[in-house]
Amino acid sequence: MDEQTLPADAGSEQVIRYYADLVWHLAFARTGSRNDADDIFQEVFLRYVRKKPHFHSEEHRKAWLIRVTVNCAKSFHESARMRKMQPLQENLVWEDPETHSLHDELQRLPPRYRDVIHLFYYEGFSTDEIADILHRKNSTVRTQLTRARAMLRAFMEEDENV
């Protein structure tokens, strides 16, 4: 995302360009699939364009987009279509082996933990902000971060012993 601020009167196209990376990366973190992330990305911005929501601030718009992305990803996985599908192993090209390993370990986490890890480490939100965005208690977010870190540590130790 650009370091520039988005103008208050920004059109849909500007908003989509500005928040594209945030929405797509969060969808990918949630699904682990480029195609599914693309579908969720399209659904999120389709809802944005159709609803034309009004926001009190840019932070409100950003929080709305994150919340809709999380909800769409959750609905996507709960859909009848997804329950009947067999997951494909994607051959993703990573810049380095560490990134590939980290991606694999993150995909082993339950989605609720992937959400908080992604928002905290990749998007730089505080636990208070994550709690507001995901409509969870701050203590729940802190607990989920702690558990996710412990799970990741255990996964990595397990892999080292194999």
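### Digging into the nonpolar core
In terms of nonpolar packing, the biggest core is built from 39 residues, with Tyr19, Leu65, Ile66 and Leu109 touching the most fellow members. Secondary structure elements with two or more residues in this core: helix H1 (12-31), helix H2 (34-51), helix H3 (58-78), helix H6 (111-122), helix H7 (127-134) and helix H8 (138-161). Top contributing element to this core by residue count: H1, with eight residues.

### Observations concerning the confidence of the model for the protein
Scored by pLDDT, the protein comes out at a mean of 82, with 81% of its residues at no less than 70. The lowest-confidence element of the protein is helix H4 (residues 80-84), averaging 48 in pLDDT; the highest-confidence one is H2, averaging 93.

### Brief notes about the packing of H1 against H2
It is at 8 Å that the axes of H1 and H2 come closest, and there the two elements cross at 140 degrees. Accordingly, the angle class assigned to the pair H1 and H2 is oblique. Here H1 and H2 pass one another in a crossing that is right-handed. Here H1 contributes Ser12, Val15, Ile16, Tyr19, Ala20, Val23, Trp24, Ala27, Phe28 and Thr31 to the contact with H2, which in turn contributes Arg34, Asp36, Ala37, Asp38, Ile40, Phe41, Val44, Phe45, Tyr48 and Val49. Residue composition of the contact of H1 with H2, by class: 15 nonpolar, two polar and three charged.

### As for a negative patch on the surface
On the surface, Glu59, Asp128, Glu129 and Asp132 cluster together into a negatively charged patch. If you tally residues by element for the negative patch, the top one is H7, at three residues. Position of Asp128 among the secondary structure elements: in helix H7.

### Some remarks on a nonpolar patch on the surface
Taken together, the side chains of Leu102, Tyr121, Tyr122 and Met156 make up a nonpolar region of the molecular surface, amounting to roughly 390 Å² of accessible area. With respect to the element layout, Leu102 can be found in helix H5 (residues 97-108).

### Description of H7
For H7, the complete set of buried residues consists of Thr127, Ile130, Ala131, Ile133 and Leu134. The arc that holds every buried residue of H7, seen down its axis, measures 165 degrees, which confines them to one face. His135 occupies a position one or two residues after H7 and carries a positive phi of about 55 degrees.

### As for the packing of H6 against H7
With their axes 10 Å apart at the nearest point, H6 and H7 run at an angle of 130 degrees to one another. Comparing their axes, H7 and H6 come out oblique. For the pair H6 and H7, the sense of crossing is right-handed. Contacts between H6 and H7 involve Asp115, Val116, Leu119 and Phe120 on the former and, on the latter, Thr127, Ile130 and Leu134.

### Let's talk about unusual backbone geometry
One non-glycine residue, Lys52, lies in positive phi territory at about 45 degrees. Mapping Lys52 onto the fold places it in the loop between H2 and H3. Residue classification places Lys52 among the exposed positions, given a relative accessible area of 60%.

### Considering H1
Of all the bends in H1, the greatest, near 55 degrees, is centred on Tyr19. Burial in H1 covers these residues: Val15, Tyr18, Tyr19, Ala20, Leu22, Val23, Leu26, Ala27, Phe28, Ala29, Arg30 and Thr31. Phi turns positive, to about 75 degrees, at Gly32, one or two residues after H1.

### Examining the packing of aromatic side chains
Inspection of the entire model under this criterion finds seven aromatic pairs. Between Phe41 and Phe45 the ring centres are 4.9 Å apart and the planes differ by 65 degrees, which places this aromatic pair in the edge-to-face class. Within this pair, Phe41 and its partner Phe45 are both found in helix H2, separated by four residues, close to a single helical turn. Its relative accessible area of 4% is what places Phe45 among the buried residues. For the ring pair Phe55 and Trp64, a centre distance of 5.8 Å and an interplane angle of 65 degrees mean the geometry is edge-to-face. Three or more aromatic residues link up through ring pairs in this structure, and these residues are Tyr48, Phe55 and Trp64. Over the ring of Phe155 we find Arg108; its NZ or CZ atom is 4.0 Å from the centre of that ring.

What counts, and where the lines are drawn
- Residues numbered from 1 in each chain as written.
- Predicted model: local features only at pLDDT ≥ 70, side-chain atom pairs only at ≥ 80, totals over all residues.
- Heavy atoms only, no water.
- Core = buried A, V, L, I, M, F, W, Y, C linked by side-chain atoms within 4.5 Å.
- Buried < 20%, exposed > 50% of the residue type's maximum accessible area, 1.4 Å probe, protein only.
- Helix = DSSP H or I, 4+ residues; strand = E, 2+ residues; numbered from the N terminus.
- pLDDT = per-residue confidence, 0-100.
- Axes fitted to C-alpha atoms, helices over the stretch in contact; angles between N-to-C directions.
- Parallel < 35°, antiparallel > 145°, perpendicular 65-115°, else oblique.
- Left-handed = near helix turned anticlockwise from the far one by under 90°.
- Contact = heavy atoms within 4.5 Å.
- Nonpolar A, V, L, I, M, F, W, Y, C, P; charged D, E, K, R; others polar.
- Patch = residues over 30% accessible without salt bridge, like charges linked within 9 Å, V, L, I, M, F, W, Y side chains within 5 Å.
- Areas by Shrake-Rupley, 256 points an atom, 1.4 Å probe, with all protein chains shown as cover.
- Salt bridge = Lys/Arg side-chain N within 4 Å of Asp/Glu carboxyl O.
- Lys, Arg positive; Asp, Glu negative; His and termini not counted.
- Charge placed at Lys NZ, Arg CZ, Asp CG, Glu CD.
- Arc of directions from axis to C-beta.
- Bend = angle between axes of the 7 residues up to and from the residue.
- Phe/Tyr/Trp six-rings, centres within 6.5 Å; stacked < 30°, edge-to-face > 60°.
- Lys NZ or Arg CZ within 6 Å of the ring centre and 35° of its normal.

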